[in-house]
Amino acid sequence: PGATVESDTPTVQGEFSILLSSPKRISNALVIEKQKLVKGLIKVKLLALRSGSDIKSAFHFYQELLGRRGKLAFHCEKRACGSSNYWANKIFNEHRLYGRDSDQYYLAGTVDSPGGTSWVSMYFVSNALRQGLVYIVTVDAATGPEVSEGGWLNGAVYSSTALEGVEGNSLRDYLSSAEASPLF
């Protein structure tokens, strides 16, 4: 028993915006008040939770794990995350993530490893088809400096640049381990 990998993109060098606030619509424009634009090796993975798995439990599991193994920079739950439509279609450009605003969770943070700092962004949602999905983005910033911090207005989070776990990324290694698998 475990989560099914729906998509697993190859590692690429690039930039990715880690959201550190919820997306908002102001004057008909999408606004992110706080973000971290990180340059490094990027990997995106979409997981489908097994039938009957609770996305809230998955969120709390990874929130605790990130708290123990790294530093939680931002999290939100349910409607406090803003519109699921924004997350699915504007931020991650993955339409399968669209669901009810009350069925979503997000967390972002860092993990230090011998090779440097890795950023992780995780979006949990029960989509319109009632599938529990987890969209995981990791950026190993060890190969490139962090670029900037600030707001985002009608931009795009570079989700087409896919993320792959990198050797030395302790969070990725742990998530792949047998110890983390009982949740799913």
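One structure accompanies this document, and this report is about it. (Residues numbered from 1 in each chain as written. Predicted model: local features only at pLDDT ≥ 70, side-chain atom pairs only at ≥ 80, totals over all residues. Heavy atoms only, no water.)

So, on to the overall build of the protein chain. Of regular secondary structure, the protein chain possesses three helices and nine strands. The 184 residues of the protein chain split such that 48% are buried. Summarising the internal contacts of the protein chain: among those between residues at least 6 apart in sequence, 72% fall at separations of at least 24. Accessible surface, the protein chain: about 8,500 Å² in total, of which carbon and sulfur atoms supply 50%. (Helix = DSSP H or I, 4+ residues; strand = E, 2+ residues; numbered from the N terminus. Buried < 20%, exposed > 50% of the residue type's maximum accessible area, 1.4 Å probe, protein only. Contact = heavy atoms within 4.5 Å. Areas by Shrake-Rupley, 256 points an atom, 1.4 Å probe, with all protein chains shown as cover.)

A word on the nonpolar core. Generally speaking, nonpolar side chains in soluble globular proteins are found buried as a group. I18, W87, F92, L97 and Y106 are the most contacted members of the largest nonpolar core, which totals 28 residues. Where this core is concerned, the elements lending two or more residues are β2 (12-19), β4 (29-48), β5 (71-77), α2 (84-91), β6 (99-113), β7 (116-127) and β8 (132-140). With six residues, the top contributor of residues to this core is β4. Sequence-distant contacts of L97, defined by excluding residues within four places in its chain, comprise L46, S84, A88, F92, Y123, V125, N127, L133 and Y135. One finds I55, Y62, L65 and V120 within the second-largest nonpolar core, a separate group that totals 16 residues. (Core = buried A, V, L, I, M, F, W, Y, C linked by side-chain atoms within 4.5 Å.)

When the terminal C-alpha atoms of helix α1 (residues 55-69) are compared, their 21 Å separation across 15 residues agrees well with the 21 Å that a helix rising 1.5 Å per residue should span. Of all the positions in α1, only I55, A58, F59, Y62, Q63, L65 and L66 are classed as buried. End-on view of α1: buried residues confined to an arc of 165 degrees, all on one side of the axis. (Expected span 1.5 Å × (residues − 1). Arc of directions from axis to C-beta.)

In this section: the state of the cysteines. Considering all chains together, one arrives at one disulfide under this definition. The partner cysteine of C76 in its disulfide is C81, sulfur to sulfur 2.2 Å. Judged by the sign of its S-S torsion, about 115 degrees, the bond between C76 and C81 is right-handed. Grouping residues by exposure puts C76 and C81 together as buried. (Disulfide = S-S within 2.5 Å.)

The next subject is the layout of surface pockets. Looking at the second largest pocket, its volume works out to about 200 Å³. As for the second largest pocket, its lining consists of 16 residues, and the residues nearest its centre are S53, D54, I55, S126 and R130. Those elements giving two or more residues to the lining of the second largest pocket turn out to be α1 and β6. Counting residues per element, the lining of the second largest pocket draws most heavily on β6, which supplies three residues. Grouping the constituent residues of the lining of the second largest pocket by class yields three nonpolar, seven polar and six charged. (1 Å grid on protein atoms, 1.4 Å probe; cavity = no way out; pocket = protein on both sides within 12 Å on 5 of 7 lines; lining within 4 Å. Points joined across faces, edges and corners; volume = space filled by probe spheres on them. Nonpolar A, V, L, I, M, F, W, Y, C, P; charged D, E, K, R; others polar.)

On to the packing of aromatic side chains. In total, this model carries ten aromatic pairs according to the counting rule given. Relative to Y135, the ring of F92 has its centre 4.5 Å away and its plane inclined at 45 degrees; by these criteria the two rings are tilted. Here F92 is found in the loop between α2 and β6, whereas its partner Y135 is found in strand β8, with 43 residues between them in sequence. By relative accessible area, F92 is classed as buried at 2%. Look at Y135 and you get buried, because its relative accessible area is 4%. (Phe/Tyr/Trp six-rings, centres within 6.5 Å; stacked < 30°, edge-to-face > 60°.)

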